[in-house]
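# Breakdown of the fold
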Amino acid sequence: MKKAAVMMVLSCLAILIFGACALPLGEDFTIARDTDQNGIYIVEYDLQSYVPVPVSGVAAVQSVSQRGDLEAIVTWKDRTGNELPNLDTFLPNTVYQAEIKLTPRAGYLFNPAISFAYHPGKISAQNDDRDSPTRTVTVTYHNSNDGNITYIVDYDLQNYVPIPVGGEEPVRTITTTEVTGTVSWKQGGSPLSDSAVFQAGQGYGADIRLQVQPGYRFSTAQDFGYPPNTVITQPASNRDPLTRSLSTVSYKNAAVAAVVDDFNLDAYITSPVTGVPPNTGRVEGTQYTAASVSWSPADAVFNENTSYTATVILTAKSGYTFNGLGSNVFSYTGASTVVFGENTGRTGTVTIIFPNTAATVVNERNLTTWIPAPVLDGIPVKTFEHSQYTGTVTWSPGGNTAWVILNVKAGYTFTGLGTNAFTHNDCSSIGGTSNTGSIYRLEIHFSTVFGTVADDMDLSGAITNPVTGNIADPSFSKNSSQYACSTTVIWEPSTAVFAANTVYTARIVLDAQDGRTFAGLPESAFTYSGSTSISIITNRGTYVVVEIVFPATASATVASL
């Protein structure tokens, strides 16, 4: 926590105890609610949470009623204070004022000791009657923007100009995503030469000129800060949202920089794990920081079986330097390579190359579809290709045993799978015999070779044909020694009574009887007289799912009078 923030928290804790608190303008500030005997104090006084900053083309807030603690009426005015009663949406590049009348809801009170704040607007007036049940605050805004402006909210100069450290070169130009700028250094009132480096034990001053980058603005209500106890001189009128001039920033005597010796990066960067998003956040060490970690390849989540490289640009904290460090000083447990390069003393780039992430363990392990149970006169499967692995199959002379070799595909692994990992719906037993991670061997035993392929293929009349007005009978009536229907007939669309002018589809499940199999049958094996089409949509050898499509039912007949 920055010193200014710490002091604010301590001050307001004391204020809660002794009864007064003044919020500095431009600071977001919320503390826990306090109470008195007449109601609950409202202590969130950042008005931006009630009335947003004007943005070109955006509707002007006229009232606030969704809050549980208060309501507000907003009167909009131009830069000279004239009311704008018909203001609908904000115009570009225009200065607005908002007169905000705030009224607590029942059971709430304003803390009489606390002022209002608005960041990044500027409060130009607020009523002084702290005992009034309502408050009226006038806010004068910067020029309304185009909706793409970001206000700079971190005013710690250390972000732009490091504290002088003995032996380091002074920063003379500033380039960040937010600002550009120049720094003119002085020592004892005289300009510091371009070739000079900071000397330990010497005090320095700097004239700093800052210019915002496109899309950014300074808040006119915010002053700069620079811990620890650095003296900053800036004119009271220095509130331009585009530029800031600070003359002079006076630094205490420069210290001698200590060479960074915190070399293990395990605590700052999370290594890649398959399926997990990469850690790209800020690095915050005791001796250095980094704004972010970049990854290559830049995947949203880490893929399996992939080598990733993390790159981080470290910035030495005040009093530390990277000067003199070699390319192999940093380390990361489990990394393939860690290289430290592009060392300026103040900044250095670390590149960490990680070994391949773990592959995905094979998770589709039912082999029924890929290795059909043996049938009399059937053609045995010898090879197959799954999305996660390929397989070769060798059969015993009688066909009762299959020896299977599975080869994993890229990105997958058999590592960790036990001998009972794979299944087969129609076998008597199945088990693995060896597993190298990339190759899995197993045996499948079948109790018998299934018998003759079914040839009783005509299902005509086995179910009730759809007729307008008739009941949709779910029964299957054909008796066959080769198969039996194991479920009721499923009609689509689902109905109790057949409707007119409708195409109906019937689905039935047939189980093969002893000595028979459906293995090897073509989709068109079954017939049904009067149907539009009939086909096998699922064939597991021991059972089939048959789909029968009927022509549209007839139109309804109008009864004669």
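Residues numbered from 1 in each chain as written. Predicted model: local features only at pLDDT ≥ 70, side-chain atom pairs only at ≥ 80, totals over all residues. Heavy atoms only, no water.

It is worth spelling out the pattern of salt bridges at this point. This structure, assessed with the given rule, holds nine salt bridges. Of the charged contacts, one joins glutamate 284 and arginine 282 as a salt bridge, the two residues approaching to 3.0 Å between their closest N and O atoms. Judged by its relative accessible area of 44%, glutamate 284 is partly exposed. In this structure, glutamate 547 engages arginine 507 in a salt bridge whose closest nitrogen and oxygen atoms are separated by 2.5 Å. (Salt bridge = Lys/Arg side-chain N within 4 Å of Asp/Glu carboxyl O. Buried < 20%, exposed > 50% of the residue type's maximum accessible area, 1.4 Å probe, protein only.)

On to the environment of leucine 314, then. Relative to the helices and strands, leucine 314 resides in strand 23 (residues 309-316). Linking leucine 314 and threonine 289, residues 25 residues apart in sequence, is a C-alpha distance of 5.5 Å. Those residues within four positions of leucine 314 in sequence are excluded, and the remaining contacts are Val283, Tyr288, Thr289, Ala290, Phe322, Phe330, Arg346, Thr347, Gly348 and Val350. (Helix = DSSP H or I, 4+ residues; strand = E, 2+ residues; numbered from the N terminus. Contact = heavy atoms within 4.5 Å.)

Judged by pairing direction, the sheet is antiparallel, and its five strands sit side by side in the order 28-29-30-33-32 without closing on themselves. The open sheet terminates on both sides in strands that have one partner only, identified here as strand 28 (383-385) and strand 32 (429-435). Direction aside, the axes of adjacent strands within the sheet are offset by 20° on average. Relative to strand 29 (residues 389-395), strand 28 is paired through three bridges, and the arrangement is antiparallel. If you follow threonine 383 over to strand 29, its bridge partner there is threonine 392. (Pairing = 2+ DSSP bridges. Axes fitted to C-alpha atoms, helices over the stretch in contact; angles between N-to-C directions.)

Attention shifts here to the packing of aromatic side chains. For the coordinates displayed, the defined rule picks out 29 aromatic pairs. For the pair phenylalanine 263 and phenylalanine 330, a centre-to-centre distance of 5.5 Å together with 80° between the ring planes defines the contact as edge-to-face. Of the two residues, phenylalanine 263 is situated in the loop between strand 19 (258-259) and strand 20 (283-284) and phenylalanine 330 in the loop between strand 24 (320-321) and strand 25 (337-341); the sequence distance between them amounts to 67 residues. Ring centres of phenylalanine 414 and phenylalanine 422 lie 6.3 Å apart, and the angle between their planes is 65°; on these two criteria the pair is classed as edge-to-face. Of the residues examined, phenylalanine 422 reaches a relative accessible area of 3% and is grouped as buried. An aromatic cluster is present here, built from Phe263, Tyr268, Tyr288, Phe322, Phe330 and Phe340 joined pairwise through their rings. (Phe/Tyr/Trp six-rings, centres within 6.5 Å; stacked < 30°, edge-to-face > 60°.)

Looking now at the layout of surface pockets. Reported here for the largest pocket is a volume of approximately 1,300 Å³. When contributions to the lining of the largest pocket are tallied by element, the ones reaching two or more residues are strand 11 (173-175), strand 21 (288-290) and strand 23. Per element, the largest residue contribution to the lining of the largest pocket is five residues, and it comes from strand 23. Classifying every residue of the lining of the largest pocket by side-chain character gives 16 nonpolar, 14 polar and ten charged. (1 Å grid on protein atoms, 1.4 Å probe; cavity = no way out; pocket = protein on both sides within 12 Å on 5 of 7 lines; lining within 4 Å. Points joined across faces, edges and corners; volume = space filled by probe spheres on them. Nonpolar A, V, L, I, M, F, W, Y, C, P; charged D, E, K, R; others polar.)

Time to look at the nonpolar core. Within the largest apolar cluster, 26 residues are counted, with the highest numbers of intra-cluster contacts made by Leu459, Ile463, Trp491, Leu510, Phe518, Phe526 and Val546. Those elements giving two or more residues to this core turn out to be strand 37 (505-512), strand 39 (533-539) and strand 40 (543-549). Beyond its immediate stretch of four places on either side in the chain, isoleucine 463 contacts Ser475, Phe476, Val489, Trp491, Ala506, Tyr528, Ile548 and Phe550. Judged by nonpolar contacts, the second largest core, of 24 residues, contains Ile269, Val293, Phe330 and Phe340. (Core = buried A, V, L, I, M, F, W, Y, C linked by side-chain atoms within 4.5 Å.)

We now examine the environment of asparagine 303. Relative to the helices and strands, asparagine 303 resides in the loop between strand 22 (294-296) and strand 23. On the accessibility criterion, asparagine 303 (35% relative accessible area) is partly exposed. Distance in space between the C-alpha atoms of asparagine 303 and threonine 357 is 7.2 Å, their sequence separation being 54 residues. Beyond its immediate chain neighbours, meaning those up to four positions away, asparagine 303 contacts Thr274, Tyr308 and Thr357.

Remember, this is a structural readout, not a statement about activity or role.
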